[in-house]
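# Topology and contacts: notes
This is what each chain is made of:
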Amino acid sequence: MDLFSALNNIQNHFFNFKVVQLPKRKQFTLKEVSAHCTENDCWMVIKDLVYDVTEFMREHPGGSDIMLEYAGTDATMAFADKPHSLDAWIILEKYIIGELVPEERMFDNKASS
Ligand code: HEM
């Protein structure tokens, strides 16, 4: 029995409601991400999460060209090297489409197992 089933059983028994398991994120390899490297189809990896930033690229305050340089790649270092505020992280949240497969992750982040 996994952890969620165990918790659900306990909750059912005492409180009569269910603990909901969030749907798992889709997983991608870096090779899959690399196929999305144009201005009309632009994915990036930042801290092991995969983002489709095609729409946002046109609105990027730093310009679309600089983002296009990192299209289809792991842009974690580039993103961290530039002045990005909390706002930028909040914007990013909107564009998550998945996470890297566990064997290709570099951070111990909230990506699921
Ligand atoms: C991938 C998603 C990205 C998002 C959501 C994003 C978001 C933003 C935002 C909101 C700003 C305005 C300043 C702020 O509020 O932080 C900004 C500025 C900037 N970004 Fe990004 N950014 C992204 C990727 C990148 C990448 C890959 C680069 C490449 C180096 C980059 C380079 C810059 C630069 C140079 C500025 C400063 C513009 C200026 O003030 O002149 N960004 N970005």
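Refer to the structure above for everything that follows.
Okay, so let's go over this structure.

Scoring rules and cut-offs
- Residues numbered from 1 in each chain as written.
- Predicted model: local features only at pLDDT ≥ 70, side-chain atom pairs only at ≥ 80, totals over all residues.
- Heavy atoms only, no water.
- Helix = DSSP H or I, 4+ residues; strand = E, 2+ residues; numbered from the N terminus.
- Buried < 20%, exposed > 50% of the residue type's maximum accessible area, 1.4 Å probe, protein only.
- Donors = N, O, S within 2.8 Å, 3.2 Å for Na, K, Ca; no water.
- Phe/Tyr/Trp six-rings, centres within 6.5 Å; stacked < 30°, edge-to-face > 60°.

### Focus on the environment of Ser-64
Within the secondary structure layout, Ser-64 lies in helix H4 (residues 64–68). Classification of Ser-64 as partly exposed rests on a relative accessible area of 33%. For the pair Ser-64 and Thr-54, spaced 10 residues apart in the sequence, the C-alpha separation amounts to 9.6 Å.

### Quick notes on the coordination of the iron atom of the ligand
At 2.0 Å from the iron atom of the ligand lie its protein donor atoms, namely His-60 (NE2) and His-84 (NE2). Looking at His-60, the relative accessible area reads 15%, which means it is buried. A residue is classified by how much of its surface remains accessible, and His-84, at 30% relative accessible area, is partly exposed.

### Structural notes on the packing of aromatic side chains
All chains considered together, the criterion is met by three aromatic pairs. Taking the centre distance of 5.9 Å and the plane angle of 45° together, the rings of Phe-56 and Tyr-95 count as tilted. Here Phe-56 is found in helix H3 (residues 54–57), whereas its partner Tyr-95 is found in the loop between helix H6 (86–93) and strand S5 (96–100), with 39 residues between them in sequence. Across the pair, Tyr-95 and Phe-56 agree in class, each one buried.

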